[in-house]
Amino acid sequence: MTMPDDPIEATRRWVERAVIGLNLCPFAKAVQARGQVRYVLSEATTPEALLEDLGRELLHLRDTPPEEVDTTLIVHPGVLGDFLDYNDFLEAADALVAELDLEGVLQVASFHPDYRFADSHPDDIGNHTNRSPHPTLHLLREDSVARAVAAYPDPSAITDRNIQTLRTLGRDGWQKLF
């Protein structure tokens, strides 16, 4: 996937063209259109520094009205480039959510350039549903997720629909998006 050099711009483009453009997340368009997505570039080069950035952003999201910021994407190109290390880090991220007493309030979702679903082949096009240009932590408000899921006819079908969308699009179609 060819992307601009600026990690935030690359992530915005990915959100607009893939996440929203292909409707991979049917809930993303509204918050993006209302300017409620906060894009943060972490300059962390160690998992410990990224955890500090994550803590600051979790507290920022907690303390900011949802009308201003409903969700945050922390783009961190300088750390956790290896997907297995990234995946291991998610346990520390969830532990931090618990330590900050934010369970049931905020959650951390994940995107990575080498994202791979369990038991899938690394080259499976379906993995691209969660492949971002740079490693990215997505902070979500539990209330917003619950409202969005309640309003969507069949949220459990989203993953399967996304994989089918990407299989129909194919690698060439994916490449053309960017």
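Look up a bit, the structure's there.
The shown structure was predicted, so the numbers you read here are calculated from the model rather than taken from an experiment. (Residues numbered from 1 in each chain as written. Predicted model: local features only at pLDDT ≥ 70, side-chain atom pairs only at ≥ 80, totals over all residues. Heavy atoms only, no water.)

Topic: the overall build of the chain
And step 1. For the chain, the count of helices and strands is six helices and four strands.
And step 2. For a compact globule of 178 residues, the expected C-alpha radius of gyration is about 16 Å, and the chain comes in at 16 Å, within 12% of that figure.
And step 3. Principal-axis analysis of the C-alpha atoms gives the chain an extent of 40 × 40 × 30 Å.
And step 4. The proportion of buried residues among the 178 residues of the chain is 46%.
And step 5. Counting contacts in the chain only where the partners sit at least 6 residues apart, residues at least 24 apart contribute 74% of the total.
And step 6. Carbon together with sulfur atoms contributes 49% to the accessible area of the chain, which is approximately 9300 Å² in total.
And step 7. Between the mean site of the 16 positive side-chain charges and the mean site of the 30 negative ones, the chain shows a separation of 9 Å. (Helix = DSSP H or I, 4+ residues; strand = E, 2+ residues; numbered from the N terminus. Rg over C-alpha atoms; globule rule 2.2 N^0.38 Å. Buried < 20%, exposed > 50% of the residue type's maximum accessible area, 1.4 Å probe, protein only. Contact = heavy atoms within 4.5 Å. Areas by Shrake-Rupley, 256 points an atom, 1.4 Å probe, with all protein chains shown as cover. Lys, Arg positive; Asp, Glu negative; His and termini not counted. Charge placed at Lys NZ, Arg CZ, Asp CG, Glu CD.)

Quick notes on the layout of surface pockets
And step 1. By volume, the largest pocket amounts to about 990 Å³.
And step 2. Around the largest pocket, the lining is made up of 39 residues, and of these Cys-25, Phe-27, Phe-111, His-138 and Leu-140 lie nearest the centre.
And step 3. Within the lining of the largest pocket, the residues separate by chemical class into 25 nonpolar, eleven polar and three charged. (1 Å grid on protein atoms, 1.4 Å probe; cavity = no way out; pocket = protein on both sides within 12 Å on 5 of 7 lines; lining within 4 Å. Points joined across faces, edges and corners; volume = space filled by probe spheres on them. Nonpolar A, V, L, I, M, F, W, Y, C, P; charged D, E, K, R; others polar.)

Comments concerning a negative patch on the surface
And step 1. Where like charges cluster on the molecular surface, the negative patch consists of Asp-82, Asp-85, Asp-88, Glu-91, Asp-94, Asp-101, Glu-103 and Asp-114.
And step 2. Within the secondary structure layout, Asp-114 lies in the loop between β3 (106-111) and β4 (136-141). (Patch = residues over 30% accessible without salt bridge, like charges linked within 9 Å, V, L, I, M, F, W, Y side chains within 5 Å. Salt bridge = Lys/Arg side-chain N within 4 Å of Asp/Glu carboxyl O.)

Thoughts on the nonpolar core
And step 1. Membership of the largest hydrophobic core comes to 22 residues, with the highest contact counts inside it found for Leu-50, Leu-54, Leu-58, Val-108, Leu-137 and Leu-139.
And step 2. Looking at this core, the elements that each hand over two or more residues are α3 (47-63), α4 (83-99), β3 and β4.
And step 3. Considering every element that reaches this core, the biggest residue donor is α4, with seven residues.
And step 4. Not counting residues up to four positions away in its chain, the partners in contact with Leu-137 are Leu-50, Leu-54, Thr-72, Leu-73, Ile-74, His-76, Tyr-86, Phe-89, Leu-90, Val-108 and Ala-109.
And step 5. In this structure, Trp-14, Leu-22, Tyr-39 and Phe-111 belong to the second largest nonpolar core, which totals 20 residues. (Core = buried A, V, L, I, M, F, W, Y, C linked by side-chain atoms within 4.5 Å.)

As far as function goes, none of this settles anything; it's purely spatial.
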